[in-house]
Amino acid sequence: FFPENTFAMKPYLLLFNVACAGGWAYVLFIIATHFQAEGKPEDVWAKVEMPLKYVQTAAVLEVVHAMTGIVRSQVATTFLQVLSRLAVLWAVLDVSTDAQQHWASTMMVTSWALVEVPRYMFYFFGLLGSVPGLFFHLRYNLFQILYPTGISGEIMCILAALPYITESQVYSVSMPNTHNLAFSLPMMLYLGLAVYVPGAPFLFFHMIGQKKRAYKKRAEKQKSA
Amino acid sequence: KAYEIPVSADVTLGEFKEAFHKQFRKYYPTRQSFKLGNREGEPVPNAKALSGDDTSLADLGLGDGAASSLLFKDYGPQFSYRGVFVVEYAGPLLFVLLYAMRPAFLYGPDAASKPWDPVAKLGVWCWTAHFAKREFETFFVHRFSRPTMPLLNLFKNSIYYHTFGLVIGYPLCHPDFTAPASELQVQIACGAFILFELGNLICHIMLRNLRPAEGSSKRPIPSGFLFDLVACPNYTFEIACWVAYSFMTQIFFCYLFTIVGGLQMWIWAKGKHRGYIKTYGDEYKKLRRKPMIPFLC
């Protein structure tokens, strides 16, 4: 509906990207200082919970940006990415203390934050015209470690949370009801785990492809500059 | 990379693609796409992928200077166009029939012997008829403009249809299925469903008769029936079917299916509408049609 250069969209997007980068940087800061003070992995969630919820849930706006056209991303991919993060955050981590206290949740949140800060800064500078080398290299290289650590973290959190989720039937809806809704969160999570099997390598190699194309483009741009 | 493939310009595009395939075994003809360009690899202005396998390269514009070479693009792995349709519709058809057997591991030990709500039975019949009709149309009605589509679409489309088949079929065949309170609602919705299915079938047959042959990408402006009001009445009837089915069965995931499907079809309808405008200009514009919803949008 709105083209990229609609009035005030650029300042809004600049603000959005820098705020999200800042939010995720703050999450990293909390984790870093926690471990610096010799804190234990089980206690990370309590400290990081609120900023994490704010900054990750804010990503819903990225779907709106794609739908309205002020950002040139595919709605479907953005929707799936944001949905999967929100599902892990709110339907797995938030409900289960077993997942919250598992060291894998710290590895996962750290991976998310380490990927998101360069990503939002990359978009920020992209809006301004040119991305400094630092953020370009971080965005297209860190993922090679952070995708595996993030994804294994997510899988381990889901596995840790499943016993409680199955037993308590939290967020699940059973029949009979007027609109015939049957939703089993444990089932959804098993399905999610199954999707990771082809999905994770696909995402990884897709990003590798993006990296090659981005480096090629950057090299061409610098040659002609 | 530049290659010299000696051919005379009165070779057809199809023959050229075969020759290209012989030399580059990886790229079978349906994966190949060519644009006219010069020897430096720059495309001609407004270059479009060449089409018309029976047309000679000379007639497609290959000559000297700015259009003296063919620039290759790989469409990626392909799958039969018709094949994608067959697979994607088979999922919903199969899953609901399997659910209808009420397997114990899904619904509990004596589920299969529990009575069926008549509306649930009706829902199973209508769903099965809908997808059986789709398979029938895939083999006997539709004339596709292309023999293949990207392989990725097979997975994307199948995931879409199969997932909805799974989440709608489960409550539909569940022993605790709850029919709408009003029998009249069910009857009207069922009647409407049948009428809209017929409307959709008629549109498909009319579209088939407009296209001269399988493989042709001709899109003459349709006329008559609901075509007089919208560019894609087949989508109009399709979404109306699902609205009716939703009222008939009151299944939450069916509401989602209706909304998501409707949105996607509306986007496609807008594209087709724009395509007609681009190809026919005023001749189409003066008809004052809407993309999918009569008088609205």
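Rules behind the numbers
- Residues numbered from 1 in each chain as written.
- Chains lettered and ligands numbered in written order.
- Predicted model: local features only at pLDDT ≥ 70, side-chain atom pairs only at ≥ 80, totals over all residues.
- Heavy atoms only, no water.
- Contact = heavy atoms within 4.5 Å.
- Salt bridge = Lys/Arg side-chain N within 4 Å of Asp/Glu carboxyl O.
- Polar contact = N/O pair within 3.5 Å; in protein donor to acceptor, adjacent residues only side chain to side chain.
- Helix = DSSP H or I, 4+ residues; strand = E, 2+ residues; numbered from the N terminus.
- Nonpolar A, V, L, I, M, F, W, Y, C, P; charged D, E, K, R; others polar.
- 1 Å grid on protein atoms, 1.4 Å probe; cavity = no way out; pocket = protein on both sides within 12 Å on 5 of 7 lines; lining within 4 Å.
- Points joined across faces, edges and corners; volume = space filled by probe spheres on them.
- Expected span 1.5 Å × (residues − 1).
- Bend = angle between axes of the 7 residues up to and from the residue.
- Buried < 20%, exposed > 50% of the residue type's maximum accessible area, 1.4 Å probe, protein only.
- Core = buried A, V, L, I, M, F, W, Y, C linked by side-chain atoms within 4.5 Å.

### Looking at the interface of chain B and chain A
Line of reasoning, step 1. Listed as interface residues are 12 residues of chain B and, on the opposing side, nine residues of chain A.
Line of reasoning, step 2. Connecting chain B to chain A are zero salt bridges.
Line of reasoning, step 3. Counting across the interface, chain B meets chain A through five residue pairs in polar contact (both at pLDDT 80 or more).
Line of reasoning, step 4. Only helix H6 (151-173) and helix H9 (252-280) of chain B provide two or more residues apiece to the side of chain B that touches chain A.
Line of reasoning, step 5. Residue composition of the side of chain B that touches chain A, grouped by class: seven nonpolar, four polar and one charged.

### Notes on empty space enclosed by the protein
Residue and element names in this part refer to chain A.
Line of reasoning, step 1. This structure, assessed with the given rule, holds one cavity of 30 Å³ or more.
Line of reasoning, step 2. In this model, the largest cavity occupies a volume close to 30 Å³.
Line of reasoning, step 3. Taken together, Val44, Trp45, Val48, Leu93, Gln100, Ser105, Thr106 and Val109 make up the full set of residues lining the largest cavity.
Line of reasoning, step 4. For the lining of the largest cavity, the class distribution of residues is five nonpolar, three polar and no charged.

### Topic: helix H2 (residues 44-57) of chain A
Residues and elements named next belong to chain A.
Line of reasoning, step 1. Taking 1.5 Å per residue as the helical rise, H2 with its 14 residues ought to reach 20 Å, and the 19 Å between its terminal C-alpha atoms agrees with that figure.
Line of reasoning, step 2. Methionine 50 marks the point of greatest bend in H2, at about 40°, and the proline proline 51 comes within the next four residues.
Line of reasoning, step 3. Where H2 is concerned, the buried positions are Val44, Trp45, Val48, Pro51, Leu52, Lys53, Val55 and Gln56.
Line of reasoning, step 4. Contacts from the buried residues of H2 go to helix H1 (9-36), helix H3 (60-68), helix H4 (75-93), helix H5 (97-101) and helix H6 (103-128).

### Some remarks on the nonpolar core
Line of reasoning, step 1. Core analysis: the biggest nonpolar cluster contains 55 residues, and A:Trp24, A:Val48, A:Leu52 and A:Val109 have the highest contact counts within it.
Line of reasoning, step 2. Among the elements of the structure, H1, H2, H4, H6, helix H7 (133-141), helix H8 (143-168) and helix H9 (185-224) of chain A are those that each provide at least two residues to this core.
Line of reasoning, step 3. By residue number, the principal contributor to this core is H6(A), which donates 10 residues.
Line of reasoning, step 4. Those residues in contact with A:Val109, other than ones at most four positions away along the chain, are A:Trp24, A:Val27, A:Ile31, A:Val48, A:Leu52 and A:Leu93.
Line of reasoning, step 5. Core analysis: the second largest hydrophobic core is formed by 42 residues, B:Val96, B:Leu154, B:Ala244 and B:Cys254 among them.

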